[in-house]
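# Secondary and tertiary structure notes
Each chain, letter by letter, is given below.
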Amino acid sequence: MAVLGIETLASVIDASIGGAPAATEEEVLSFFGSIQLDKHKFAAVRVEPSYVKFAANYLHDRGQRLVTVISYPLGAMTTVAKVIQAEQALADGADELDVAMDLSAFRSGDYQQVVDDLRIVRRTAGDRVVKAIYYSAVLTDQESIKAAGLILDAGITFLKTNPGYGNVTTPHHIAVIKKHFKDDLKVMASGGVRTYDDAVAMIDQGADRIATSSVSSILDRSSKR
Amino acid sequence: MTTTTTYDLKQVIDNTNLTMGATRKEVGEFVTASVKRGFYSVCVFPNMIPTARRMTAGTKTKVAAVVSFPLGADTPEVKRYEALNCIELGADEIDLVINVAEARMGHFDAITAEVRTVKNALGRDHILKTIIEVPLLTKDQVIGAAVAAEKGGADIVKTSTGFKGLQLRATTPEDVQLLRSILKPQTGIKASGGVSTLEKTLAVLNVGATRIGTSSGIAILDAAK
């Protein structure tokens, strides 16, 4: 296993709030405080769409990037709704968008819809980073490769494995993508990454980023290495 | 105990399929079966509205679609556009998740404002149900959110998303009783989230629920035979 320094690790983490859903403003600020934004530079800090405007200046003033989510977490919104969400998020100050693939269209074999849907969001986002959630937890290896290929066809070069909410990512999910696509696709491991060892196991398989709500415990453990 | 003959059960049930990644074929079959049993409506994700519309064409079964589901963490404008998009695609009714964070912060005016934004867009012809996510709220927050939604023009206050990822407790008759005691008589109450048996259905109807949201509609009708 690789041994990662705390700053290297922080730089590949998308930090998100854990605990209670529907966090209050106070809880969001308390989360920001808990991850020591003045000390660590994260890949991005994630907030819900309705909190982008509230959090954008706060995070930008501290040199952090803000990521939010589109058609999240179930991936069942329409293309029109996704574009509206994306436009609002960008107007409110989001730097990155994590957009969920239309899982039903994919599982229905309507691959053109999967591509068209994501391509429009990709275009809407201009030069911002867009990651596409493809739900590795509920797909076979072959399906994951197929989904990743469609996402690449849509012009998106960064995958996010899962939305969380019980959809757990394994190091194998990362290995499947990296083995097939090499450097053509980046992958963020998301869903069930709770410990330093989880994070390192993902990175060992080639994960480019880690999404986690267990930021403090992962970084604490890293600092003790 | 009220007997099953007191209610026309099928006409108070929104038979629901909100399964993550369900295929069009699966949802199509679900809708066809629901139409055959004469349910008031089928409740589906926005990306399944065209399928549901096609399968309900020429029948009395309505199509309800969920908006900002399941987290409710979108801005009012995004919710408005998503709701309008659902109507354009053929939805008759909208099940909107309120901004639950605002309820947890006691910002009830914000809830009235977002509900009003969506209701104004829908007009009288389309019933607006507002999901307040009772399991995440205190009693005072439930009262505040329900009254705020009613004030904003909600036709029906709905208890819960039943979203499995949040591991929410089931809706109880006590939840419905509380809502009935504070809402105007003309405001409906939809009990949803864990209302999956005939016994539970009758229990919530007996204390004032006017609509039931369940994925077990057919089993409930069969049990009532």
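Structure first, text after, so check above.
In this report, we go over the structure that sits alongside the text. Sequence order sets the numbering: in each chain, residues are counted from 1 along the sequence as written. Chain letters and ligand numbers both follow the written order, the letters beginning at A and the numbers at 1. Reporting in this predicted model follows two pLDDT cut-offs: at least 70 for local features of residues, and 80 or more for side-chain atom pairs to be given and counted; totals over whole chains, interfaces and linings ignore these cut-offs and use all residues. Side-chain metrics in this entry use all non-hydrogen atoms of the structure; hydrogen atoms and water are not considered.

## A few points about the side chain of S144 of chain A
To keep things clear, this is the line we draw: Only DSSP runs of H or I covering at least 4 residues are called helices, and only runs of E covering at least 2 are called strands; the numbering of each starts at the N terminus. Between two residues, a contact is recorded if the distance between any of their heavy atoms is within 4.5 Å.
With respect to the helices and strands, the residue S144 of chain A is situated in helix α7 (residues 141-153). Non-local contacts of S144 of chain A, meaning those with residues more than four positions away in its chain, are made with Y134, S136, L139 and I177 of chain A.

## A word on the sheet that holds strand β7 (residues 186-190) of chain A
Residue and element names in this part refer to chain A. To keep things clear, this is the line we draw: Between any two strands, pairing holds if DSSP finds at least two bridges. For every element, the axis is a line fit to its C-alpha atoms; helices are fit only across the contacting stretch, and the angle between N-to-C directions ranges from 0 to 180 degrees.
In space, the 8 strands of this closed barrel follow the order β1-β2-β3-β4-β5-β6-β7-β8, with parallel pairing throughout. The average undirected angle you get between the axes of adjacent strands in this sheet is 25°. Sheet topology places β7 next to strand β8 (residues 209-212); 3 bridges connect them, and they run parallel. Each bridged residue has a counterpart across the sheet, and for M188 the counterpart in β8 is R209.

## Some points on the interface of chain A and chain B
Going by this rule: Here the quantity called buried area is the total loss of accessible area, with a 1.4 Å probe, experienced by two parts when brought into contact, counted for both. Salt bridge, as used here, is a side-chain nitrogen of Lys or Arg placed within 4 Å of a carboxyl oxygen of Asp or Glu. Two N or O atoms form a polar contact when they lie within 3.5 Å of each other; inside protein one atom must be a possible hydrogen donor and the other a possible acceptor, and for residues adjacent in sequence the pair counts only when both atoms belong to side chains. In the scheme used here, Gly and all other residues not listed as nonpolar or charged are polar, with Ala, Val, Leu, Ile, Met, Phe, Trp, Tyr, Cys and Pro taken as nonpolar and Asp, Glu, Lys and Arg as charged.
With 36 residues of chain A in contact, the opposing surface of chain B contributes 32 residues. The junction of chain A with chain B conceals about 2900 Å² of combined surface from both sides, 66% of it contributed by carbon and sulfur atoms. Between the two partners, chain A and chain B, sit 2 salt bridges. The closest approach of N and O atoms between R104 of chain B and E27 of chain A, which form a salt bridge, is 2.8 Å. If you look at where chain A meets chain B, you find 12 residue pairs in polar contact (both at pLDDT 80 or more). Looking at the side of chain A that touches chain B, the elements with two or more residues in it are α2 (25-34), α4 (79-92) and α5 (103-107) of chain A. Counting residues per element, the side of chain A that touches chain B draws most heavily on α4 of chain A, at 6 residues. Across the side of chain A that touches chain B, the residue classes break down as 19 nonpolar, 10 polar and 7 charged.

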